[in-house]
Amino acid sequence: MKKLIVINGPNLNLLGKREPEIYGDKTFEDYLGTLQSKHNDVKIDYYQSNIEGEIIDKLQEVGFNYDGIILNAAAYTHTSVGIGDAVKAIEVPVVEVHISNTFSREEFRHQSYISPNAKGVILGFGLRSYDLAIQSLIE
């Protein structure tokens with residue numbers, strides 16, 4: 001059985017409440033249940049933090065013993081050299097995910113410190129972006 005982890009960054013704990021016109025009205029925990037039932041042959045762990053260093057710690061902790069990481073570093077995508085370096089340092093493939101199309105938003109969101117070291121990037125498909133990332137890691 002493949003073992004994957006979803007790591008979500010700042011403010012994604014507010015999904016379902018925060019800007020529903022961009023992020024939808026469903027919490028990630030609700031959607032996680034959907035993902036787990038759809039991919040019942042995959043163990044999917046979940047971690048969320050608003051703190052950059054905790055995200056780096058989690059990447060280092062799981063980055064050598066999981067089969068894949070789905071990372072939505074949220075705003076840290078565009079600012080964190082440290083998270084980008086952590087992705088580069090680990091062995092596990094990382095798929096960068098964004099719920100919104102970051103290229104249709106403010107210009108500062110067009111830069112990613114994660115993309116150069118990610119297996120791939122999926123953005124703009126709402127919460128379905130996570131499902132697409134899982135599919136890319138298990139096929």
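In what follows, the structure referred to is the one given above.
On a predicted model such as this, the values are computed, not experimentally measured, just so you know. (Residues numbered from 1 in each chain as written. Predicted model: local features only at pLDDT ≥ 70, side-chain atom pairs only at ≥ 80, totals over all residues. Heavy atoms only, no water.)

## A word on the sheet that holds strand β4 (residues 94-98)
Reading across the sheet, the five strands line up as β2-β1-β3-β4-β5 and stay open at both edges, with parallel pairing between neighbours. Every other strand in the sheet has two partners, leaving β2 (42-48) and β5 (120-123) as the edge strands with one partner each. The average undirected angle you get between the axes of adjacent strands in this sheet is 20 degrees. Here five bridges tie strand β1 (residues 2-8) to strand β3 (residues 68-72), and the two strands are oriented parallel to one another. Across the sheet, L4 pairs through a bridge with G68, a residue of β3. Sitting on the sheet, helix α3 (residues 52-62) touches β1, β2 and β3, and the angle it makes with β1 is about 170 degrees. (Pairing = 2+ DSSP bridges. Helix = DSSP H or I, 4+ residues; strand = E, 2+ residues; numbered from the N terminus. Axes fitted to C-alpha atoms, helices over the stretch in contact; angles between N-to-C directions. Contact = heavy atoms within 4.5 Å.)

## Here's the deal with the environment of G82
Residue position: G82 is located in helix α4 (residues 81-89). Each C-alpha atom, one on G82 and one on I114, is 9.5 Å from the other, the two residues being 32 residues apart in sequence.

## Some thoughts on the packing of aromatic side chains
Taken as a whole and judged by the stated rule, the model has three aromatic pairs. Over the aromatic face of Y66 sits the side chain of K3, whose NZ or CZ is 4.4 Å from the ring centroid. Directly above the ring of Y47 sits K58, whose terminal nitrogen or CZ lies 4.9 Å from the centroid. (Phe/Tyr/Trp six-rings, centres within 6.5 Å; stacked < 30°, edge-to-face > 60°. Lys NZ or Arg CZ within 6 Å of the ring centre and 35° of its normal.)

## Brief notes about α4
Residues I83, G84, A86 and V87 constitute the buried set of α4. Across the axial projection of α4, the buried residues extend over an arc of 160 degrees, all falling on one side. Exposed positions of α4 whose direction lies more than 90 degrees from the buried face are K88 and A89. Residues of α4 that are buried sit in contact with α3, β3 and β4. (Buried < 20%, exposed > 50% of the residue type's maximum accessible area, 1.4 Å probe, protein only. Arc of directions from axis to C-beta.)

## Let's talk about the pairing of β3
Among the five residues that make up β3, five are buried, leaving the element largely enclosed by the rest of the structure. Here β3 shows a buried face lined by G68, I70 and N72 and a second buried face lined by I69 and L71. Between β3 and its parallel partner β4, the chain crosses via α4, and the hand of that crossover is right-handed. (Right-handed = clockwise from strand over helix to strand, strands pointing away.)

## A look at the nonpolar core
Ranked by internal contacts, the top residues of the largest apolar core, which has 21 residues, are F28, L35, I44, I70, L127 and Y130. Listing elements by their share of this core, those giving two or more residues are β1, α2 (28-38), β2, β4 and α5 (128-138). Leave out the neighbours within four places in its chain, and L35 touches F28, I44, Y130, D131 and I134. (Core = buried A, V, L, I, M, F, W, Y, C linked by side-chain atoms within 4.5 Å.)

## A few points about the pairing of β4
The buried fraction of β4 is high, at five of five residues. With burial as the criterion, each face of β4 is covered, one bearing V94, E96 and H98 and the other bearing V95 and V97. Across three bridges, the pairing between β3 and β4 is parallel. Counterpart to I69 in the pairing with β4 is V94. Two elements, β4 and β5, share four bridges in a ladder whose sense is parallel. In the strand pairing of β5, V95 is matched with G120.

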